[in-house]
Amino acid sequence: MSETTDVSALELAALMCSRVCHDVISPVGAITNGLEVLADDDDPEMRTHAMELITRSATQASAKLQFARLCFGAAGSAGAELDLQDAKAVAEGLMMGERATLTWEAPAATIGKDYVKLLLNMILIGMAAIPRGGDVSVTVEGDLAKPTLRVLSTGQAARIPEETAKFLGGRDPDRFLDARAAQPYFTGLVARSLGLAIDARMDGETFVIEAAFANGGESI
């Protein structure tokens, strides 16, 4: 689907902020609950459980925020490059709190920060494609100045996420864009800003999302 209706920068920023807040509300709320137990309950066992909850939830919240910083934020200066190993680290941190595992096949090298941003957004879509858990396999290959990015998701009931099917290629004026759908829409925007074609499809029982240059590296 080609992009038909642009979303204003202000509207998109608001939607993406809502997305980030939604992601961290649960672990932050769990931290609050744990602190309340510590304040009100003197039972040693309950206090131990509360500390475990606080520690686990704080780790999860930190991982989600570190991931969001690279995935949605403006890390580095204009034209900056980021280390793929840093991208791997934040992706692994995010996966620790999810039902999916990560397989990473990318060189130990730096690439343009917007390619990293795109790749991490593709990972989020790959995770959404396997709601019951499974494996998310990440591949970066080709010329790192103009790489091919690919995420494969395998797991029970793997499918193309509804929001991805509707908004990865752009916004249809008859479809409502909410905070949940804003992320695949944003992913498509990033890909097209880099001159890449991005496609989400099923290959048998495996979900595939791929971004690549056409004609051996020419912008499209």
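Each chain carries its own residue numbering, running from 1 in the written order of its sequence. Confidence filtering applies because this is a predicted model: local features only for residues at pLDDT of at least 70, side-chain atom pairs given and counted only at 80 or more, and all residues used for totals across whole chains, interfaces and linings. As a rule here, side-chain values come from all non-hydrogen atoms in the structure, and water together with hydrogens is ignored.

(A) Expanded view of the sheet that holds strand β4 (residues 134–141). In this description, strands pair whenever DSSP reports at least two bridges between them. Each helix is a run of H or I in the DSSP string that is no shorter than four residues. Each strand is a run of E no shorter than two, and both are numbered from the N terminus. In spatial order, the strands read β2-β4-β5-β7-β6; together these five strands make up an open sheet with mixed pairing. Only two strands of the sheet have a single partner each, and these edge strands are β2 (100–105) and β6 (197–203). Going from strand to strand, the sheet's axes swing by 15 degrees on average, the running direction of each strand aside. Here six bridges tie β2 to β4, and the two strands are oriented parallel to one another. Paired with W104 across the bridge in β4 is V138. Sheet strands in contact with helix α4 (residues 113–128) are β2, β4, β5 (148–154), β6 and β7 (206–212), and its direction is about 15 degrees off that of β5. Only the contacting stretch of a helix is used when fitting its axis, a line to C-alpha atoms as for every element, and angles between N-to-C directions run 0 to 180 degrees. Contact between two residues is taken to exist if any of their heavy atoms lie within 4.5 Å; hydrogens are not considered.

(B) Local environment of the side chain of S153. Of note, S153 is situated in strand β5. Overall, S153 belongs to the buried group, its relative accessible area being 0%. In this structure S153 touches G126, M127, A129, I130, D135, V136, A158, E205, T206 and F207, once residues within four positions along its chain are discounted. For every residue, the accessible area (1.4 Å probe, protein chains only) is compared with the maximum for its type, and the residue is labelled buried under 20%, exposed over 50%, or partly exposed between those bounds.

(C) Here's a closer look at the layout of surface pockets. In this model, the largest pocket occupies a volume close to 860 Å³. A 1.4 Å probe that fits but cannot get out identifies a cavity on a 1 Å grid over protein atoms alone, an open set with protein on both sides within 12 Å along at least five of seven lines counts as a pocket, and a residue lines either if it has an atom within 4 Å of a point. Lining the largest pocket are 33 residues, and of these R19, D23, E98, L124 and A128 lie nearest its centre. For the lining of the largest pocket, the secondary-structure elements that each account for two or more residues are α1 (9–40), α2 (44–71), α4, α5 (162–167) and α6 (179–193). At eight residues, the largest contribution of residues to the lining of the largest pocket is made by α1. For this classification, Asp, Glu, Lys and Arg are treated as charged, while Ala, Val, Leu, Ile, Met, Phe, Trp, Tyr, Cys and Pro are nonpolar and the rest, including Gly, are polar. Its residues assigned to classes, the lining of the largest pocket shows 17 nonpolar, eight polar and eight charged. Grid points are joined across faces, edges and corners, and a volume is the space filled by probe spheres set on the points.

(D) Up close: the nonpolar core. As used here, the term nonpolar core means buried Ala, Val, Leu, Ile, Met, Phe, Trp, Tyr and Cys residues forming a set that is joined through side-chain atoms within 4.5 Å. By size, the foremost hydrophobic cluster in this structure holds 55 residues, and its most contacted members are W104, L118, L120, I123 and I209. Element by element, the count of residues in this core is highest for α4, at 10 residues. Not counting chain neighbours up to four residues away, the residues in contact with W104 comprise L84, A87, K88, A91, L119, I123 and V138.

(E) Fine view of the packing of aromatic side chains. Note on aromatic contacts: the rings of Phe and Tyr and the six-membered ring of Trp form a pair at centre separations within 6.5 Å, being stacked when their planes are under 30 degrees apart, edge-to-face when over 60 apart, and tilted otherwise. Under the definition given, this model contains one aromatic pair. Here F72 and F186 contribute two aromatic rings whose centre-to-centre distance is 6.1 Å and whose plane-to-plane angle is 70 degrees, an arrangement assigned as edge-to-face. You can see F72 sitting in the loop between α2 and β1 (81–83) and its partner F186 sitting in helix α6, a full 114 residues away along the chain. Given a relative accessible area of 14%, F186 falls into the buried group. Of note, K146 hangs over the ring of F213, and the distance from its end group to the ring centre comes to 6.0 Å. When the NZ atom of lysine or the CZ atom of arginine is within 6 Å of a ring's centre and also within 35 degrees of its normal, the charge is said to sit over that ring.

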